[in-house]
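Observations on the three-dimensional arrangement
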Amino acid sequence: MSRKKIVCTLGKFDIPIIQLQPDFNVDLLDSNVMVFGASMSGKTTFLKTLVNILHKRMNEKEERIFILDFGGALSDYRDMPLVSAYFDNSNEEYVKRVFKIMDNILKENIKLLGGRNYREVSEDQPIHTTFIIDNLNAFTEESRYLAYQEKLQKLCRDGLSKGISIVVTAGETKGLGSYMGSFRQKIAFEMPADKYLDIFNDKAGSVGNNPGHGFANVTIKPEKITGTFKMNLPYEVQCFKAQTSADPDGKNVTFGQGLAKKYDFDSETGEYRRHVRRYLTFPKELTREEYEKLAQKPENEVEKVCPVSVGLDYVDFCPVTIDLARTSTVAIYGKKEFGKTNLLKLLLDGLVEQADELRMVLFDDGRNQLKPLYEKYSSQCDCVLINSFEKRDLPLKDGNEVKDRKLSPIQQFYLYLNENYIELDKRFLAGIYGVSDALKKEYENIPDCRAEDTPFTVFVIQSKLVYLNTPEGKRFINSILPQLTAVAEERGFLFIFSDVQKISDGEQNSFFNNNVSYAFLLDNIAEFAGERGQKTVFGNMDVKTLKEDYAKCELGDGYSYDIEADKLMKLKFIKYGKDD
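This is a predicted model, so every value here is computed, not measured.

Some points on the side chain of Arg97
Along the chain, Arg97 falls in helix H2 (residues 92-113). This buried residue, Arg97, is left without a salt bridge; Asp316 holds the nearest opposite charge, at 6.3 Å. From its side chain, Arg97 meets the backbone oxygen of Val315 in a polar contact 2.7 Å long.

Focus on the UniProt feature "binding site: ATP" (unreviewed entry) in the protein
The feature "binding site: ATP" (unreviewed entry), as annotated in UniProt, sits at Gly37, Ala38, Ser39, Met40, Ser41, Gly42, Lys43 and Thr44 in this numbering. Assignment of secondary structure puts Gly37 in the loop between strand E3 (33-36) and helix H1 (43-57). Under the relative-accessibility criterion, Gly37 is labelled buried at 1%. In this view, Gly37 contacts Lys43, Ala170, Gly171, Phe189, Glu190 and Met191; residues no more than four positions away in its chain are not counted. Positionally, Ala38 belongs in the loop between E3 and H1. Not counting chain neighbours up to four residues away, the residues in contact with Ala38 comprise Lys43, Glu190 and Met191.

As for H2
The terminal C-alpha atoms of H2, which comprises 22 residues, lie 32 Å apart, in line with the 32 Å expected from a rise of 1.5 Å per residue. Capping of H2 at its N-terminal end is provided by Asn91; its side-chain oxygen lies 2.9 Å from the backbone amide nitrogen of Glu93. Directly after H2, the chain includes Gly114, whose backbone phi takes a positive value near 60 degrees.

A few points about the domain arrangement of the protein
Often, the extent of an interface is quoted as the loss of accessible area on bringing the components together. Domain annotation of the protein identifies domain 1 (7-272) and domain 2 (326-388 + 455-545). The straight-line distance from the C-alpha centre of domain 1 to that of domain 2 is 51 Å.

Overview of the pairing of strand E16 (residues 358-364)
Here E16 lies mainly inside the structure; 7 of its 7 residues are buried. Two strands pair when backbone bridges link them, and E16 and strand E20 (residues 456-462) are joined in this way by 7 bridges, in the parallel orientation. Along E20, the bridge assignment pairs Met360 with Val458. Taken together, the 5 bridges between E16 and strand E17 (residues 382-386) define a ladder with parallel strand orientation. Residue pairing in the sheet places Arg359 in a bridge with Asp382 of E17. Handedness of the crossover joining E16 and E17 through helix H11 (residues 371-377) is recorded here as right-handed.

Some points on the nonpolar core
In globular proteins that are soluble, nonpolar side chains generally tend to be buried together. Counting 142 residues, the largest nonpolar core has Phe131, Phe476, Phe512 and Phe538 as the members making the most contacts within it. It is H2 that provides the largest number of residues to this core, a total of 8 residues. The residue makeup of this core includes at least three contributed by each of domain 1 (7-272) and domain 2 (326-388 + 455-545). With 47 residues, the next largest nonpolar core counts Ile6, Val51, Leu259 and Val276 among its residues.

Observations concerning the side chain of Gln508
Topologically, Gln508 is positioned in helix H17 (residues 506-515). Assessed through its relative accessible area of 0%, Gln508 is described here as buried. Within the structure, Gln508 has its side chain in polar contact with the backbone oxygen of Leu468 (distance 3.2 Å).

Concerning the sheet that holds strand E24 (residues 567-573)
Ordered in space as E14-E13-E24-E23-E22-E15-E21-E20-E16-E17, the 10 strands form an open sheet in which the pairing is mixed. With one partner strand each, in any of the chains shown, strand E14 (319-323) and E17 form the two edges of the open sheet. Strand-to-strand, the axes of this sheet are offset by a mean angle of 25 degrees, without reference to chain direction. Here 5 bridges tie E20 to strand E21 (residues 493-497), and the two strands are oriented parallel to one another. Bridging across to E21, Ile461 finds its partner in Phe497.

Some words on the layout of surface pockets
Computed from the structure, the second largest pocket encloses a volume of approximately 940 Å³. Around the second largest pocket, the lining comprises 41 residues; the ones closest to its centre are Glu337, Phe338, Gly339, Leu555 and Gly556. Listed by contribution, the elements that provide at least two residues to the lining of the second largest pocket are strand E5 (83-88), helix H10 (340-354), H11 and E24. By residue number, the principal contributor to the lining of the second largest pocket is H10, which donates 5 residues. For the lining of the second largest pocket, a count of residues per class yields 16 nonpolar, 11 polar and 14 charged. Of the residues that make up the lining of the second largest pocket, three or more belong to each of domain 1 (7-272) and domain 2 (326-388 + 455-545).

What counts, and at which threshold
- Residues numbered from 1 in each chain as written.
- Predicted model: local features only at pLDDT ≥ 70, side-chain atom pairs only at ≥ 80, totals over all residues.
- Heavy atoms only, no water.
- Helix = DSSP H or I, 4+ residues; strand = E, 2+ residues; numbered from the N terminus.
- Buried < 20%, exposed > 50% of the residue type's maximum accessible area, 1.4 Å probe, protein only.
- Lys, Arg positive; Asp, Glu negative; His and termini not counted.
- Salt bridge = Lys/Arg side-chain N within 4 Å of Asp/Glu carboxyl O.
- Polar contact = N/O pair within 3.5 Å; in protein donor to acceptor, adjacent residues only side chain to side chain.
- UniProt positions renumbered as here; feature names shortened; annotations may be inferred.
- Contact = heavy atoms within 4.5 Å.
- Expected span 1.5 Å × (residues − 1).
- Domains from an automatic or database assignment.
- Pairing = 2+ DSSP bridges.
- Right-handed = clockwise from strand over helix to strand, strands pointing away.
- Core = buried A, V, L, I, M, F, W, Y, C linked by side-chain atoms within 4.5 Å.
- Axes fitted to C-alpha atoms, helices over the stretch in contact; angles between N-to-C directions.
- 1 Å grid on protein atoms, 1.4 Å probe; cavity = no way out; pocket = protein on both sides within 12 Å on 5 of 7 lines; lining within 4 Å.
- Points joined across faces, edges and corners; volume = space filled by probe spheres on them.
- Nonpolar A, V, L, I, M, F, W, Y, C, P; charged D, E, K, R; others polar.

Set out below in structure tokens:
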């Protein structure tokens with residue numbers, strides 16, 4: 001059986017001992033590659049050369065390239081047809097994500113290869129993966145990347161035999177001792193002389209300020225060489241420049257022209273029709289326009305009655321969509337100024353656009369945070385705002401007496417529920433009406449609920465009062481909310497708790513958590529779950545696992561948690577704009 005190779009010619013050797021200047025070849029199925037050098041010595045140019053050669057040598061069914069760029073000099077290569085993903089270090093989630101992808105590729109390849117070495121498989125061979133890290137020192141010196149360093153060491157040890165080749169650059173050897181044994185091919189451009197000894201275990205001369213000129217060991221023995229040949233010694237090497245290696249041999253076309261023809265470049269869209277699967281990255285803000293451009297179609301899309309998409313998930317860039325017609329209670333948790341109001345607007349806009357008839361009940365506790373929403377939506381649907389103390393004339397059932405009462409926002413909210421949606425306990429209402437509950441005939445004179453066919457109603461609760469350990473707060477969460485959520489889908493109710501606060505009472509907290517069907521978190525989930533413990537719907541999650549699975553949130557990031565489906569996803573929320 002023939003052994004497959006991925007041989008890239010990257011420059012020329014100067015080997016005086018045999019009086020030859022053979023090609024500097026690297027077989028990516030035989031060696032991981034580590035490139036050292038001072039700033040401006042040619043490390044990044046080497047990577048560009050390698051990427052160019054892979055595009056000439058391979059195609060989209062044979063090769064894919066992942067780039068983790070800590071130097072910022074490879075961004076022009078992000079749209080190359082074989083580049084499956086380009087990530088920089090602007091967002092820690094991308095660093096975590098690329099290692100998650102690599103781990104999945106390794107597991108899948110192990111399964112497909114069934115214990116065989118990658119290069120010895122001729123049929124049904126998985127696509128080869130080249131994983132490039134530019135500036136490995138920046139990666140190893142960051143304490144926040146400590147967990148990923150172990151994953152990289154595993155890839156370096158196990159990946160080569162399973163079709164994953166690692167190529168890295170570094171400015172110096174400090175802190176890289178645990179990695180160097182996994183890189184047979186070492187290259188060193190301009191560096192202090194003592195560093196060559198660390199790299200090759202042998203001395204080397206000075207190359208001076210000559211970019212691309214340095215030393216390398218030999219991993220592919222030159223032709224016509226017999227007998228003993230010390231391949232691990234540092235031999236002088238001159239690497240090609242990227243633009244030089246890009247000129248196709250014997251063809252009067254530029255590299256760009258050859259690339260466009262090979263990968264079927266579409267000049268109208270500016271994209272290659274033939275390319276590997278791409279892993280996308282987010283802009284700083286996910287505007288509605290960017291959302292439409294980046295959104296991918298999910299493989300198994302479930303039909304929804306009232307779907308509202310609020311952003312894109314971090315892995316597949318598929319829309320994160322909630323069915324508000326089949327969701328009784330939505331809880332929004334998060335830091336101040338982290339996007340809770342932005343999310344609320346996205347949800348309400350989605351409802352207004354789709355509901356034939358809609359009533360919006362906005363319950364604030366006097367901070368007037370929901371007043372702008374009332375002003376926005378009152379012209380588009382039936383809108384009720386409860387946000388301040390008000391005097392009310394409350395007629396009793398017999399019509400002979402009217403009670404003049406000044407009611408708090410929460411009292412008005414309960415009264416509104418009793419008048420339109422649910423029959424509340426008369427003894428409880430007696431305090432609101434100001435009648436004596438000592439005489440049954442008096443408090444029973446309070447009017448009954450006159451609920452008829454009401455439109456689909458969304459209750460937006462942004463009041464700290466319902467979370468307090470008081471009779472009024474506990475009554476809503478412990479008694480009223482469970483009754484309403486039990487018939488929410490049937491009668492068309494939706495509760496959105498737009499800024500969930502800490503609930504100190506254990507029983508009240510348990511009732512609230514049990515009635516939440518969908519939650520959003522705009523905060524770092526591991527820290528949030530760890531600080532609040534069992535006090536929220538996220539409380540039973542393992543903090544250690546959350547830290548391993550998810551990086552810290554950037555502004556605009558958050559989590560979607562479908563509690564009934566037990567599905568947690570990290571996402572980038574759509575940035576609500578003036579035109580939305």
